[in-house]
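Descriptive analysis of the structure
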Number of protein chains: 2
Amino acid sequence: VDLHLTFNRKGDLAAGVYRALRDAVEDGRLGVGDRLPSTRELARDLGIARNTVAAAYDALVAEGYAEGRTGSGTYALGVAPAVVVRPSGASRLARPTLSVPAPQAPTELDLRLGLPDPSLFPSAAWRHVLADAVDEAVRTAPGYGDPAGDPGLRASIARHVSVSRGVRVTPDEVIVTGGAQGAFDLLARTLVAPGDRVAVEDPGYPPAREAFAAAGAVIVGVPVDGDGLITGALPAEARVVVVTPAHQMPMGVTMSGARRAALLAWADRAGATIVEDDYDSEFRHAARPLEPLQRLDRTGRVVYVGSFSKTLLPMLRIGFLVAPDALVAQLADARRLAGWHAETTTQLALSRLIDDGTFGRHLRRSRRLYRGRHDRLVAAVSRELAPWLRLNPAAAGLHIAALAVPGIDAAHVRHVVALARASGVAVESLDAYAAGEDVRPGIAMGFGAIPDERIDEAVRRLRDAFAEAAS
Amino acid sequence: VDLHLTFNRKGDLAAGVYRALRDAVEDGRLGVGDRLPSTRELARDLGIARNTVAAAYDALVAEGYAEGRTGSGTYALGVAPAVVVRPSGASRLARPTLSVPAPQAPTELDLRLGLPDPSLFPSAAWRHVLADAVDEAVRTAPGYGDPAGDPGLRASIARHVSVSRGVRVTPDEVIVTGGAQGAFDLLARTLVAPGDRVAVEDPGYPPAREAFAAAGAVIVGVPVDGDGLITGALPAEARVVVVTPAHQMPMGVTMSGARRAALLAWADRAGATIVEDDYDSEFRHAARPLEPLQRLDRTGRVVYVGSFSKTLLPMLRIGFLVAPDALVAQLADARRLAGWHAETTTQLALSRLIDDGTFGRHLRRSRRLYRGRHDRLVAAVSRELAPWLRLNPAAAGLHIAALAVPGIDAAHVRHVVALARASGVAVESLDAYAAGEDVRPGIAMGFGAIPDERIDEAVRRLRDAFAEAAS
């Protein structure tokens with residue numbers, strides 16, 4: 001790259017070099033994947049100290065304009081244009097494609113996203129706590145309860161996410177919601193006025209952005225790469241950004257530490273709220289635990305959203321959010337207007353299940369089992385599908401995603417998905433998650449609901465579908 | 001009343017006389033309570049047939065401009081000015097007064113509205129169906145279910161409201177909601193665009209109008225009299241009107257047949273949707289069953305809203321709506337975005353409780369018991385509080401209301417309520433339900449949660465509070 005940089009040689013040199021390089025990325029002189037000069041070369045060319053250049057490069061990486069590759073140098077990430085989707089009056093009520101398994105569409109080998117293994121659900125323990133909770137509820141809370149949720153369950157959730165996920169939280173900051181979707185809905189109703197911009201990951205989880213669009217938000221899709229949301233591509237102004245840092249939905253990648261820092265800095269500048277959707281991070285496959293953004297937040301910008309849909313079952317419709325103090329009363333009011341609160345017996349029973357240790361044991365057992373399925377699926381995909389797919393790493397969660405190799409487009413992927421489904425294997429085409437027109441061809445595969453011993457067979461049939469589509 | 005009427009003597013004479021009289025009401029020449037000439041007098045004065053005048057009077061009554069009093073003649077109802085409450089940005093998120101018992105405010109003698117008797121709840125049967133439903137749910141519906149609700153429960157509800165309330169309904173027209181409040185929320189999100197007018201009863205149920213205000217509606221309060229909502233005072237245009245025809249909340253009166261016909265006619269003219277909140281009508285104290293508006297609707301204008309909060313307990317957070325076909329898909333979409341659906345095990349258990357006959361037996365038993373409490377409370381209030389209150393009749397439900405006699409204002413009533421509370425009796429001042437500034441002084445008393453044998457004592461203490469406030 002032949003790079004001409006103009007910057008003010010008075011004042012903070014590193015900041016000047018940083019801004020000059022950032023401008024080069026933003027105006028396209030540095031494209032995605034362009035290798036930056038080494039710090040030694042650039043320092044020599046500009047006649048400044050090498051550690052000044054290194055500091056500027058660090059800032060570029062932290063802000064998401066570049067990435068360091070070990071042993072190889074620093075590469076520009078470029079800034080993909082943000083995709084702006086303006087909701088029309090009609091689309092407010094349009095029926096978008098469901099992105100989770102419809103209950104009426106069973107397949108022999110189900111690799112769709114969103115459903116954990118029902119056979120792991122601790123049914124006997126649940127029946128037991130539920131029966132006890134009926135009497136407790138009738139005796140102590142038969143009427144309209146706290147819209148923020150049962151106080152006991154809020155305390156149980158606070159302890160759970162504090163221990164399991166490192167979230168900094170008191171029970172008063174927890175609001176029990178109708179699954180994660182109920183949390184998105186409350187946040188949309190509370191934070192968004194019609195016309196406000198809401199930034200979302202592209203590709204990303206459609207029901208979350210639909211909840212914000214229904215509140216009148218202008219949805220801005222921000223591209224995602226191997227380090228998560230590309231913070232350099234965030235719009236200058238937005239009221240909210242919705243992210244899945246632990247396990248990107250659907251790409252499966254983990255947001256890098258540098259991007260996390262850049263996202264928090266952006267939110268502070270933009271006056272935006274970060275909605276951290278931590279939907280399936282309890283299932284970790286990598287050794288290093290992933291700290292939530294919420295823990296890094298020092299200025300009350302992050303609302304943490306969690307759910308029992310993956311750790312237990314979606315049918316329970318229990319999720320929660322952890323919000324800064326200033327928001328809690330408003331969110332509880334919105335909850336009241338939307339139907340007061342979740343069913344009380346279910347709340348009391350879940351609190352018991354957490355407090356008596358059953359939930360923790362269930363989580364540890366499920367984690368081991370899902371890690372085994374993850375490893376088996378990754379091995380099978382690497383072995384069988386290498387000619388067509390490049391697998392993304394997933395440090396957590398119940399699904400993986402793979403981008404198609406160059407030359408395979410989204411239409412071809414949809415064809416493969418249809419062939420696979422005809423042979424009894426359900427997987428998802430990534431384009432179902434696209435927020436804008438820029439579709440990334442690829443496939444997402446869930447391993448929550450498929451028995452271990454059927455994984456190899458499912459991937460072999462998917463291989464046959466690729467082979468048939470290619471011929 | 002000296003009345004000069006101008007009308008076209010060609011064409012439909014009765015319609016001409018009707019329009020002339022209606023104009024006289026609308027421009028104030030006929031005020032509230034003015035006695036109209038007898039049909040004989042007016043027929044003679046106008047030189048037309050007496051049955052022509054009688055037909056015009058019938059139409060006036062049907063449209064809510066006049067009322068017939070047995071043996072006394074016909075009286076103008078007048079048109080009270082509609083109260084328009086414009087929501088500000090701030091009020092969207094304001095924390096309004098809760099109008100249902102807060103769980104942390106127990107009193108010795110609780111006559112507040114909204115809570116049925118928890119001791120009637122069929123706990124043993126509920127534990128039983130719930131335990132069975134856990135296994136059924138995990139086996140058949142562990143994931144994300146139909147946003148409109150479990151198909152079995154929709155069928156059970158359709159049968160129940162068809163038999164118990166005469167609602168015309170197929171299971172496909174039922175949507176399970178988070179209590180009646182969840183239904184108001186869905187309707188607000190689906191029917192209302194910011195700035196649309198929504199007419200509500202004044203006084204009326206605050207959480208319902210707040211749900212519509214949160215969707216950006218301009219709330220128009222329409223006054224209520226002994227025949228329910230005064231249809232003649234409805235605005236010419238509104239997107240929605242929310243009414244409680246069976247048992248007005250909080251006044252306790254039943255909407256007359258004439259008003260029901262007038263309301264349906266108005267909705268057709270205005271292109272409006274009628275939301276019929278039938279919240280506690282299963283408990284009838286009068287011999288004649290009250291047919292819902294929904295049954296009279298021939299043009300798909302009525303959405304019927306019901307709830308299990310009064311027939312079972314509010315803690316279950318299960319309500320439902322019955323909507324015309326054209327609305328069902330939109331409402332289900334809104335439900336999905338707001339958190340998908342109610343907890344599945346609870347839905348399956350409730351369906352079993354209805355289908356196995358337990359719910360019907362519980363209803364019949366509760367109806368007998370509440371009728372006894374109603375009669376006892378009415379007798380005690382008539383006996384003890386006649387100097388201060390005029391009791392409204394209530395044909396159904398779990399509460400009664402009484403207007404203060406002339407000379408007692410709302411501030412005085414609030415003082416009495418505070419004195420009563422200090423003596424261990426909780427009742428509600430009617431002004432908590434006012435939509436606008438026009439407050440009707442009076443008291444509402446619920447009998448859902450007070451034991452029979454404490455009713456007389458509660459009313460005696462209320463009498464002492466009135467006496468103390470008067471001295």
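**Structural notes on empty space enclosed by the protein**
In this structure the tally under the stated criterion is 6 cavities of 30 Å³ or more. Within this model, the largest cavity holds a volume of roughly 370 Å³. Lining the largest cavity are 30 residues, with R335(A), H341(A), G178(B), R335(B) and H341(B) positioned closest to its centre. Elements with a minimum of two residues in the lining of the largest cavity: α6 (179-191) of chain A together with α7 (179-191) of chain B. Counted by class, the lining of the largest cavity contains 10 nonpolar, 12 polar and 8 charged residues.

**A look at the pattern of salt bridges**
Residues and elements named next belong to chain A. According to the stated counting rule, one finds 50 salt bridges over all chains in the structure shown. Residue R461 pairs with E108 through a salt bridge whose shortest N-O separation is 3.0 Å. Pair noted here: R461 is in helix α14 (residues 455-470) and E108 is in the loop between β3 (83-85) and β4 (109-110), with a separation of 353 residues, a long-range link. Through salt bridges with shared partners, a single ionic network connects R376, R383, E384, D456, R463 and D464.

**Things to note about the nonpolar core**
By size, the foremost hydrophobic cluster in this structure holds 138 residues, and its most contacted members are W126(A), M445(A) and W126(B). With residues near it in sequence (within four places) discarded, M445(A) still touches L111(A), L113(A), L377(A), V381(A), L389(A), L398(A), H399(A), I400(A), V427(A) and L462(A). The next biggest cluster of nonpolar side chains, apart from the first, holds 45 residues, and it includes L186(A), V242(A), Y279(A) and V305(A).

**With respect to the relation of the copies chain A and chain B**
When chain A is fitted onto chain B, the two copies agree to an RMSD of 0.2 Å after a turn of 180° and an axial shift of 0.0 Å. This pairing of chains is accounted for by a two-fold axis. The residues that chain A uses at the interface reappear at the interface of chain B in 97% of cases, marking a shared surface.

**Considerations on the sheet that holds strand β16 (residues 428-429) of chain A**
Residues and elements named next belong to chain A. With antiparallel pairing, the 4 strands of this open sheet are ordered in space as β13-β14-β17-β16. Both outer strands of the open sheet, β13 (389-391) and β16, are each paired with one neighbouring strand and no more. In the sheet, β13 pairs with strand β14 (residues 399-404) via 3 bridges, with the strands oriented antiparallel. Across the sheet, L391 pairs through a bridge with A402, a residue of β14.

**Considerations on the interface of chain A and chain B**
With 64 residues of chain A in contact, the opposing surface of chain B contributes 62 residues. Summing both partners gives a buried area of about 5,100 Å² for chain A against chain B, and 59% of it is carried by carbon and sulfur. On inspection of chain A and its partner chain B, the count reaches 6 salt bridges. Residue R189(B) pairs with D185(A) through a salt bridge whose shortest N-O separation is 2.7 Å. Remark: the boundary between chain A and chain B carries 16 residue pairs in polar contact (both at pLDDT 80 or more).

**Digging into the sheet that holds strand β17 (residues 442-446) of chain B**
Residues and elements named next belong to chain B. As summarised here, the arrangement of the 4 strands in space is β13-β14-β17-β16, forming an open sheet in which the pairing is antiparallel. A single partner strand is all that each edge strand has here, and the edge strands are β13 (389-391) and β16 (428-429). Strand direction decides the pairing type here: β16 and β17, joined by 2 bridges, are antiparallel. In the sheet register, S429 faces β17, and the bridge partner there is I443. Lying over the sheet, helix α13 (residues 358-384) contacts β13, β14 (399-404) and β17, oriented at roughly 15° with respect to β14.

**Some thoughts on the packing of aromatic side chains**
How two aromatic rings sit relative to each other is given by the distance of their centres and the angle of their planes. In total, this model carries 14 aromatic pairs over all chains according to the counting rule given. Judged by centre distance (4.8 Å) and plane angle (70°), the ring pair of F283(A) and Y370(A) falls under edge-to-face. Placement of F283(A) in the loop between β10 (273-277) and α9 (293-296) and of Y370(A) in helix α12 (residues 358-384) is noted, with a sequence separation of 87 residues between them. You'll find F283(A) and Y370(A) in the same group, each marked buried. When the centroid spacing of 4.9 Å and the interplanar angle of 50° are considered together, the rings of Y144(B) and W340(B) count as tilted. Taken together, the residues span a long stretch of sequence, with Y144(B) in the loop between α5 (123-140) and α6 (151-165) and W340(B) in the loop between α11 (325-337) and α12 (344-355) at a distance of 196 residues. Accessibility classification places Y144(B) together with W340(B) in one group, the buried group. Grouped by ring-pair contacts, the aromatic residues Y304(A), F308(A), F320(A) and F359(A) constitute a single cluster. We note R336(A) situated over the ring of W340(A); from NZ or CZ to the ring centre the distance is 5.7 Å.

**Regarding the environment of T346(B)**
The topology assignment puts T346(B) in helix α12. Overall, T346(B) belongs to the buried group, its relative accessible area being 3%. Residues T346(B) and V322(B), spaced 24 residues apart in sequence, show a C-alpha to C-alpha distance of 20 Å. Excluding residues that lie within four positions of it along the chain, T346(B) makes contacts with E343(A), T346(A), W126(B), L130(B), L316(B) and I318(B). A polar contact of 2.6 Å, which involves the side chain of T346(B), links it to the side chain of E343(B).

Conventions adopted
- Residues numbered from 1 in each chain as written.
- Chains lettered and ligands numbered in written order.
- Predicted model: local features only at pLDDT ≥ 70, side-chain atom pairs only at ≥ 80, totals over all residues.
- Heavy atoms only, no water.
- 1 Å grid on protein atoms, 1.4 Å probe; cavity = no way out; pocket = protein on both sides within 12 Å on 5 of 7 lines; lining within 4 Å.
- Points joined across faces, edges and corners; volume = space filled by probe spheres on them.
- Helix = DSSP H or I, 4+ residues; strand = E, 2+ residues; numbered from the N terminus.
- Nonpolar A, V, L, I, M, F, W, Y, C, P; charged D, E, K, R; others polar.
- Salt bridge = Lys/Arg side-chain N within 4 Å of Asp/Glu carboxyl O.
- Core = buried A, V, L, I, M, F, W, Y, C linked by side-chain atoms within 4.5 Å.
- Buried < 20%, exposed > 50% of the residue type's maximum accessible area, 1.4 Å probe, protein only.
- Contact = heavy atoms within 4.5 Å.
- Least-squares fit on C-alpha atoms with pLDDT ≥ 70 in both.
- Pairing = 2+ DSSP bridges.
- Buried area = accessible area lost by both parts, 1.4 Å probe.
- Polar contact = N/O pair within 3.5 Å; in protein donor to acceptor, adjacent residues only side chain to side chain.
- Axes fitted to C-alpha atoms, helices over the stretch in contact; angles between N-to-C directions.
- Phe/Tyr/Trp six-rings, centres within 6.5 Å; stacked < 30°, edge-to-face > 60°.
- Lys NZ or Arg CZ within 6 Å of the ring centre and 35° of its normal.

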